[in-house]
Structures are given as structure tokens and as C-alpha cells.
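# Structure assessment
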Amino acid sequence: MSKRRINKVAVIGSGIMGSGIACHFANIGVEVLLLDIVPRELNDKEKAKGITMDSQAFRNRLVDDALQTSIKSKPAPLYHQDFAKRITTGNLEDDIAKVKDVDWIIEVVVERLDIKKQVFENLEKHRTPGTLITSNTSGIPIKFMSEGRSEDFQKHFCGTHFFNPPRYLKLFEIIPGPKTDSEVLTFLNSYGEKFLGKTTVIAKDTPAFIGNRIGIYGIQAMFHLVKDMGLTVEEVDKLTGPVIGRPKSATFRTVDVVGLDTLVHVANGIYDNVPNDEEHEMFKLPAFIQTMMDNKWLGSKSGQGFYKKVKNDDGSSEILGLDLDSLEYRSAKKAQFATLELTKSVDNVADRFPILIKGKDKAGEFYRRNFGAMFAYVSHRIPEITDELYKIDDAMKAGFGWQHGPFQIWDAVGVEKGLELIKEAGKEVAPWIQEMIDSGSKSFYTVKEGNTYFYDIPKKAQVKVPGQDAFIILDNIRKNTEVFSNSGVSVQDLGDGILNVEFRSKMNSIGGDVLAGINKAIDLAEKSYDGLVIGNQGQNFSVGANIGMIFMMAAEQEYDELNAAIKYFQDTVMRLRYSSIPTVMAPHGMTLGGGCELTLHADRVVAAAESYIGLVEFGVGVIPGGGGSKEMALRASDSFKQDDVELNRLRQHFLTVAMAKVSTSAHEAYDLDILKHGKDIVVVNASRQLATAKAVARQMADVGYTKPPMRTDIKVLGKQALGMFYVGTDSMEASKYISEHDQKIADKLAYVMAGGDLSEPTLVSEQYLLDLEREAFLSLTGERKTLERLQHMIQKGKPLRN
């Protein structure tokens, strides 16, 4: 049998989900045919233009408008605006025959079984046998949809449930139909993970599948618990946000964003279709939710939900919270709990759970009741919705943004303690839990030789979680592979001659300990290894240098110490570039300031697609001082060779720094000349990033790596460029677009990137530019306005981003 490949997909239905799915396939380089129905009649704008019902503009209006709305939405569904060119639009009357040329058809029409069956009947007339065909339904039973279709259709048909927005939420549920071929499931499972960057979970054909069944239960249980305990919306969002490893939007803000009507639709569907669920009544809507639905307080889409933004008489904005008793909006109430204070010094979220459930206040009671109910519920969903417990955890992490799934939280508090919480909550646990304990397993998960194992219920034994071989999981290997550590880094032996430097500082900020760790790792690699990766698996790669340290030195006027610290940073990034072993950077998430400067100096970059990279130092009143300003001058110089518009090229690189531009994806970082085409690569699945970076370092060593010669050929334009920059900043300041202090920062950057006030274009060395950069940085730290900005950021609780 020939190997299945996906070069072109057809997406049927261009609503929010359909267009989002189309955009994500375009993100990964797949050609997309996006189809929708023909409008019923001309609108007024079309009539005014004289457009007829036969014209393509009219017939494709719905699909074209929907796609453009999606492309313009925030957060952006595309990694890069140019990727929209990979999507062709059409309609289901004129263009349905084109589906014969695609490799996969994805149906994303309205959630009505009769309409879906009609669409499938029409598609089968044109579908090429062997073509994958799937439905993005969020709840309609898969078995009903393929009834009456051909044997080949049913063999290649299943559910493929993306979560919204498809680019950002990683859960991809695959739901087999009664006759789905196992080869199809195996292929989609692999394709979702490897190409779409998803956490793929094969689910059973049960109401709401896995993610929504557990997630909606959690929210519904919260609704009932909130009323019972008399908690405010602000208190619940405080308790269910980052403190337990969940998104900042927590519970009620998330419902406002998603839309209360969407949640209610899924909850009602579960209530109607799971009459035997032991928590069936929990899916019934509380009275206050029904009132909100009646009032159309649906959240962001209707302008008000659990929160409401209003304008005060003085013109200021205020976010009001909904009082769940009176159902009237009132000023936000600050939420504070003594129990949460006890976790402030605990960085590892998993270590907070045992502390939280011991709380003596309302927060402690909330966590005990909430976790107890959730533990009991997930225990009873096996084997109903899945046979493997890890799939429930994977679904909640990838679909709802939890750092830890229910069984992982249960492990964190202890299995026996979890049983106590279940009993206290008045719930009962599924029998297999006691069988697990009796079998000798004291936890749901274990780690052996760097791999995660889970308790397999039928086998009554710990079994390796499948699909790990393509990943490097630092939490699993750190203990046994660490060759060096200090307060800022852990250096691990990844095997095959490659070391990895993992940042372990707060928010992965870069201070002296991190720089010392990088230098130590280079020493070790040059002596006994073949290559070096710098990568971690925190929420963000690095939010920059520790500006708290910079502020203290500047405020105390310790300029010699500050000069030494900045030079140490510069020397470190230059060692990355000019060491005798290949260096590979693996940025992901926020990669700002100093994190970006490190990235700019590695031999190669393996970036996660969701990387937000930029030099943002202007925001705190300085220029990039760790080689970033120098590097932008160097990269501008290299671009001079492409054409003779040198001043324009230099200006583009100057504005990247002066406007503190940050890419909204790794692909945009190519536009900013932070990543280089043909050298740096982007991986869609961040779980594969470290393994890929290791492979790149290994490959560079295998082909014979030789350190590059120091650069002395950087063309700087001197006074010619300075004049252009100074005229521009003078004009901006005079027009009040920038402050006097902003002009001073911009002029300092201009001086560095122009190479000083040289009388004519000159070739200079990297060290020459580094010295100019460091001098400019130091002079700005002595400015009162800069110190005020630094202090302001520290007081706002943002001491680590530069």
C-alpha cells in the first residue's frame, strides 16, 4: 500500500471553525480548498455595484467574507499573512467537483445531523475512493453520520474534533466510526501530532467525547459550588487561574470569551444524552445561568457576561463583576486568600496542590471540594469515554490549557489523600482505583529511564505512554542526566554527544547565574562533547535579562560593576557564535530582550512556531546591550549585498529595535531578520522541539563543524546614516510622536548602528560595535527617566523583562 500524504485538503463550511481549520492547514504548507453555500439573494451593496447572481463575487460571497473575517481576527489564525495565498475559496454548487483532487475532506458545517448527512451524500458523488473524509462535530454521534454511505466512505470516515481557535489550542480528538479502518486512525493520530502540532487523542464515540465531557463537567460543577459557598466571580477566577497552572482567564473570564451560549449548548447536549451519568443533574443549568441566557448576557460577543466593561463619567474604563445573588453588576472585588499566600514562594505548580488542599480558609475548602468531585468523576469515565487515563489528562491540558490533568493533580496530592477528598465531597470512586492500589501501584504515573508510564487498568500494571520516542521530556531525564547545575541553569547530557542548557531561573530571566551556566556548558561541550543546545520547556523561553539587577546597579551608580555585567553578557553571546562546537537555540513562547539576543548569536535556531521574538529594550529606556544592537547593524550590513539601497536596509533594522517589534509567530521573525531562511527552522509541535534541536546539533557535528572566523567586514555608514536618523528623530519629537527621552534613546541606537560619526562608510569589527553598544547602554542607565521606567516596571511586578 502506498504511503498516504496530505498535499491538499478541502474544508466544507467557512464559519469560525472552518476558516480557522483552513488557516491552520495553510500554516503548515498544505493547499486548502474552502467551500461554503451560495447566498440566497443579493445584498444592497451588491445591487448597488450591479453584481448579478451569476457572478463569482456573489456566489462566493459567504466563503470570502468568512475567510477575510477570520484572517483579520485576533489572535491571528495564520502564522504569516502570506500563508492566506494557500487557501482557494469556492462554493458547494460550482466547485464541489474539485474535491476529487484532494487528499482529505473535512466537514465543518452547522451542527445538525440532517444537514451533515446531506453534505456527505453530495460529497460522495465527487470524492475519489481512498480519500480521507472526517467531521469536525463537537458532539453528534459519528455512527449516525456515515449511515447509508458506501463501504469505502465508511472505511475512511471518522470524527476529527479541533478545538477553537485551531492554531492555538492543541487538542485534536479522533473519534472512530463503526467501520473506520485502523490504518486511517493510525495515520491521523501521527499526522495530527507531527504535522499539525497537536496532542492527538483517540476518543470513544460518546457525548462530547473526552475534552468537553470533562471540561464542561468541571465548569458546571463550579457553577453549583460557587453558589453553595457564596464565592464571587473574582474569587473563583483567582482560585482557578495561574495559581493552579491554568490560563489567566481562569473560569468566568474564559466563559465570557468562549460565549455562555456555546457552553450551555454543549452542557444541554450532555444532559440530554447521558441519562445514566452519576453526575447527570450537575449538567442541569443553575437558575442564575438560565437568567443570564434569557437576558442574553453571553460574554464578550454581547458586551456583558460575568464581567462588563463600562465607561465612567470621567472617561475612564472599569470592569464590573456580576453579583451572582442579585444578578446586578458592581465594582470589582479584590480576591485574597491566606492559603494562596502560602504558595507564593512555590514555583512548581504541582508542589502547590498539597498546600492548597490543607488551607483553613474558604480557598482550602474550595480546593478540597472541587478536586474531590473531579477525581470521582474522571474515575467513572473509564472505560466509558476512554480506556486509558492519560488520554483524559492529555485532553484537559491540550484543550483547556491546564498544566496538569486531573490524574496528575491526584498524584500530586497523593492517591490516598485523593480518596479522602472524594469521601469528604460525598462522592464515590470507581472500583478500579482500589484495584490499582491493591495491585501495588501507588500512583497513576511513574517515570522510568526518562519515559512516562501510566497505570493500565486491564493489565493492572504500569505501561509506557505511547508516542514518547520523538520527544525529550526534561522533567523525566533531568535527575539522571544532569552534568552541572547552579541557581540559574541545569545542564543535561541529551545523549549522542549533545548537551542542553535549561534555564531554571524565575520566568527564565537571564542573570549572572544563567550566563555562568552557559559558559560552563560551552566549556564542558568543547572538552568532552560534540554540540550544545539551549532549550527549556517552561511557559516561555526567556522574558529577558534581569532588569531588577540592572536597576540596583544603576541606582547605586555602580557603573564599573554594571559595565562588567554587560560585557559578560556580550562575551557570552560571542562565545555562542565562536565556540568550537555547534550551538543551537530552541526558543518558544516569549523570547524577549536578552532571550532574543542569545537566539541571534547561535549557529542555528530551531524555533517553535508559537515563538514571540523581539528586542524590546526600548520599553525600559535602554537599547539592546547584550549584542542585539550590534547584531542588527551586522545583519543590515549583510543585506546591503542584495541591492544598493543601503540606507533603507539600515533603517528597516533600526526600526525593528526602535519600535520594539515582536514577531507574533516564528515565521514573522524571518521578516524581522531575527531568523534566517535556509539556516533556521520552525517546528509546529513544541514537544518535538528539543529532539529536533539535538538532531540539528548532531548533524552539524557529523558533517564537520568548524568555528567561523571573527567578523571584521561589517559595513557601517557613519555620518551619512546618522544624519538621516537624527533628522527623523528630531521630526518625531517636534511633532510630539515621541518624548524627549525617547529621542535620546533612539539617537543612541542610531549612533551604534551607524558605527559612530565616521566620515565615510567603513568596514568594522563586531567588537568595535559591541564597545559602542555597551557605552550607549551604560550612558542611558544613568538617565533619570530610564531609572523611573525600570522602577515602574519592577513596581508593576514585571521586574524580569527587558
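These lines cover the structure that appears in this document, whether it is placed above or below. (Residues numbered from 1 in each chain as written. Predicted model: local features only at pLDDT ≥ 70, side-chain atom pairs only at ≥ 80, totals over all residues. Heavy atoms only, no water.)

### Overview of helix 12 (residues 260-273)
Helix length check: helix 12 (14 residues) gives 20 Å between terminal C-alpha atoms against 20 Å at 1.5 Å per residue, within 8%. Here the buried face of helix 12 lies against helix 9 (211-229), helix 11 (252-258) and helix 13 (287-294). (Helix = DSSP H or I, 4+ residues; strand = E, 2+ residues; numbered from the N terminus. Expected span 1.5 Å × (residues − 1). Contact = heavy atoms within 4.5 Å.)

### Here's the deal with helix 25 (residues 594-601)
By the criterion of burial, helix 25 is predominantly enclosed, with eight of the eight residues buried. Along helix 25, the positions that sit buried rather than exposed are G594, G595, C596, E597, L598, T599, L600 and H601. (Buried < 20%, exposed > 50% of the residue type's maximum accessible area, 1.4 Å probe, protein only.)

### Details of the side chain of E107
Tracing the chain through its elements places E107 in strand 4 (residues 104-107). Taking relative accessible area as the criterion, E107 reaches 0% and is therefore assigned buried. Looking at E107, its side chain comes within polar contact range of the main-chain nitrogen of V109, at 2.8 Å. Within the structure, the side chain of E107 is placed 2.5 Å from the side chain of S135, a separation counted as a polar contact. (Polar contact = N/O pair within 3.5 Å; in protein donor to acceptor, adjacent residues only side chain to side chain.)

### Some words on the sheet that holds strand 11 (residues 329-331)
Paired through their backbone hydrogen bonds, the strands of a sheet run either parallel or antiparallel. Taken in spatial order, the three strands make up an open sheet running 9-10-11, and their pairing is antiparallel. Both outer strands of the open sheet, strand 9 (307-311) and strand 11, are each paired with one neighbouring strand and no more. Neighbouring strand axes in the sheet, compared pairwise and without regard to direction, differ in orientation by 45° on average. Two elements, strand 9 and strand 10 (residues 317-322), share five bridges in a ladder whose sense is antiparallel. Within strand 10, the position partnered with K311 by the bridge is S317. (Pairing = 2+ DSSP bridges. Axes fitted to C-alpha atoms, helices over the stretch in contact; angles between N-to-C directions.)

### Thoughts on the pattern of salt bridges
Tallied over the entire structure, the rule returns 53 salt bridges. Between R149 and E124 there is a salt bridge whose closest N-O contact spans 2.6 Å. Taken together, the residues span a long stretch of sequence, with R149 in the loop between helix 6 (142-145) and helix 7 (151-155) and E124 in helix 5 (residues 113-124) at a distance of 25 residues. Between R711 and D638 there is a salt bridge, with the nearest N and O atoms lying 2.7 Å from each other. Placement of the pair is R711 in the loop between helix 29 (689-702) and strand 24 (714-716) and D638 in helix 26 (residues 628-640), with a sequence separation of 73 residues. Given a relative accessible area of 22%, D638 falls into the partly exposed group. Connected via shared salt-bridge partners are R213, D277, E278, R381 and E384. (Salt bridge = Lys/Arg side-chain N within 4 Å of Asp/Glu carboxyl O.)

### Quick notes on unusual backbone geometry
Cis geometry marks the peptide bond from N164 to P165; its omega dihedral reads 0°. Secondary-structure assignment places P165 in the loop between strand 6 (157-162) and strand 7 (171-176). Cis rather than trans, the peptide bond between I382 and P383 has omega equal to 10°. Considering the arrangement of structural elements, one finds P383 in the loop between helix 16 (362-380) and helix 17 (389-400). A positive phi angle, near 70°, is found at A208, a position not held by glycine. Mapped onto the elements, A208 comes out in the loop between strand 8 (199-202) and helix 9. On the accessibility criterion, A208 (4% relative accessible area) is buried.

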